[in-house]
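# Breakdown of the fold
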Amino acid sequence: MGLNELIFGGLAVLGIAVFVYVGQFRASRSQRERSDRLRWNTVDKAQSAKKKS
Amino acid sequence: MANRTALQTFGRSGNPMFRSNAFQPDATFDESDSTRRMTLAGAVNKTGILLVLCLVSAGYVWNQFFQSGGSGAVNGLMMLGLLGGLAMAMVTIFKRQWSGVTAPAYALLQGLAMGGISAMFEMQYPGIVIQAVGLTFGTLGVLLLAYKTGLIKPTENFRLMIVAATGGIALLYLVSFVMGFFGSSIGFIHSNGLFGIGFSLFVVAIAALNLVLDFDFIEAGAEQGAPKYMEWYGAFSLMVTLVWLYLEILRLLAKLRSR
């Protein structure tokens, strides 16, 4: 195994390991609790529509 | 164009995978059953499954390529992968409830195309594929850390910028593709000059920043208790971005190596 494979293969393994480990945790509070957060949701709208009906 | 107008024109996101009603539950969704809700761990596991499937089919085409000593033997498989992958992506986007079936099928088909393309690059520039793979997953890990810690905070303006840039790049590629039929092309896209490399760097940056939108999409889905099949959908959206990022890094490295 050459140095190229060792360095970039290692980087790939490290990246996947970080993804698998860190990916399972929720984002930090500063990420989640801010006013300018992206709004993806319509679940709330669907739920509130359900409640109304 | 004011932000608000642009957002209304293009929707909350121009990316059809990130439609504003993406998390809307279907008629069969039971809100009270927490085991049928999307979780972060579920999305991560399913992304892992898609990556393994992609790797398996890519490995098969890769072996076929090098055993036969050329692309002739794998051209059919590559075309099947490209067209089949596109079809599966379309089905997944418009019928997200089917993601559990269509996302793995997409990964398998996309692997066929990736295996062939990677083998072609590897034949021309030995060692380039492992570099592209390493940089792709390295970027994934670093950006996930940056997102989770709050270092990168996606906002509406951020999304608007990324969606606009992604759309612009797609349009440029489409024009270049059509021009190719008439024996012409947009030169700088494929050139290995400074402008061509700069363009590739820009595209890699935009592809990488699309990962941040994917992370936020998955995070929001898990927070809102989206239906379970959205784990597959989130994994699929991440997979699409990773495939794009990988291809762009591969192109960038090839340009650098050909100088």
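Residues numbered from 1 in each chain as written. Chains lettered and ligands numbered in written order. Predicted model: local features only at pLDDT ≥ 70, side-chain atom pairs only at ≥ 80, totals over all residues.

### Details of the overall build of chain B
Helix and strand counts for chain B stand at nine helices and zero strands. Along the chain direction, N to C, the helices and strands of chain B fall in the order α-α-α-α-α-α-α-α-α. (Helix = DSSP H or I, 4+ residues; strand = E, 2+ residues; numbered from the N terminus.)

### Some thoughts on the overall build of chain A
A tally of regular secondary structure across chain A gives three helices and zero strands. In sequence order, the secondary structure elements of chain A are arranged as α-α-α. Counting every position in chain A, which comprises 53 residues, the buried fraction comes to 23%. (Buried ≥ 20, exposed ≤ 12 C-beta atoms within 10 Å, placed from the backbone.)

### Comments concerning the UniProt feature "transmembrane region" (unreviewed entry) in chain B
Residue and element names in this part refer to chain B. Under the present numbering, the feature "transmembrane region" (unreviewed entry) in UniProt falls on residues 43–62, 74–94, 100–121, 128–147, 159–182, 194–213 and 233–254. Split by type, residues 43–62 is 100% helix and 0% strand. Its first and last C-alpha atoms lie 28 Å apart. Counting secondary structure, residues 128–147 comes out at 100% helix and 0% strand; the distance between its end C-alpha atoms is 28 Å. (UniProt positions renumbered as here; feature names shortened; annotations may be inferred.)

### Focus: the nonpolar core
With 81 residues, the main nonpolar core has Ala132(B) and Met239(B) as its most contacted residues. For this core, the secondary structure elements donating two or more residues are α1 (3–22) of chain A together with α2 (40–68), α3 (75–94), α4 (99–124), α5 (128–148), α6 (156–180), α8 (194–223) and α9 (229–257) of chain B. Here this core gets 18 residues from one element, more than from any other, and that element is α9(B). Met239(B) has contacts with Thr47(B), Leu50(B) and Ala107(B), leaving out every residue within four places of it along the chain. (Core = buried A, V, L, I, M, F, W, Y, C linked by C-beta atoms within 7 Å. Contact = placed C-beta atoms within 7 Å.)

### Some thoughts on the packing of α2(B) against α9(B)
Residue and element names in this part refer to chain B. For the pair α2 and α9, the least separation of the axes is 8 Å and the interaxial angle reads 50°. Between α2 and α9, the angle is such that the two are oblique. Between α2 and α9 lies a crossing of right-handed hand. Residues Gly-42, Ala-43, Lys-46, Thr-47 and Leu-50 of α2 form the contact with α9, whose participating residues are Glu-231, Trp-232, Gly-234, Ala-235, Leu-238 and Met-239. Here the contact of α2 with α9 is built from residues that sort into six nonpolar, three polar and two charged. (Axes fitted to C-alpha atoms, helices over the stretch in contact; angles between N-to-C directions. Parallel < 35°, antiparallel > 145°, perpendicular 65-115°, else oblique. Left-handed = near helix turned anticlockwise from the far one by under 90°. Nonpolar A, V, L, I, M, F, W, Y, C, P; charged D, E, K, R; others polar.)

### Digging into the packing of α5(B) against α8(B)
All names here are of chain B. One can describe the packing of α5 onto α8 by two numbers: an axis separation of 10 Å at closest approach and a directional angle of 50°. Considering their axes alone, α5 and α8 lie oblique with respect to each other. Classified by chirality, the crossing of α8 by α5 is right-handed. Facing Thr-139, Leu-140, Leu-143, Leu-144 and Tyr-147 of α5, the residues of α8 in contact are Ala-208, Leu-211, Val-212 and Phe-215.

### Here's the deal with the interface of chain A and chain B
Contacts between chain A and chain B engage 31 residues on the former and 39 residues on the latter. At the level of elements, α1, α2 (29–32) and α3 (43–52) of chain A are the ones that each hand at least two residues to the side of chain A that touches chain B. Per-element tally for the side of chain A that touches chain B: the top contributor is α1(A), with 13 residues. The class makeup of the residues in the side of chain A that touches chain B is 15 nonpolar, 11 polar and five charged.

### Looking at the confidence of the model for chain A
Residues and elements named next belong to chain A. Mean pLDDT over chain A works out to 83, with 75% of the residues at or above the 70 mark. The weakest mean pLDDT in chain A belongs to α3 at 49; the strongest belongs to α1 at 96. Across residues 44–48, confidence stays below pLDDT 50; counting only partners more than four residues off in sequence or on other chains, it has three contacts. (pLDDT = per-residue confidence, 0-100.)

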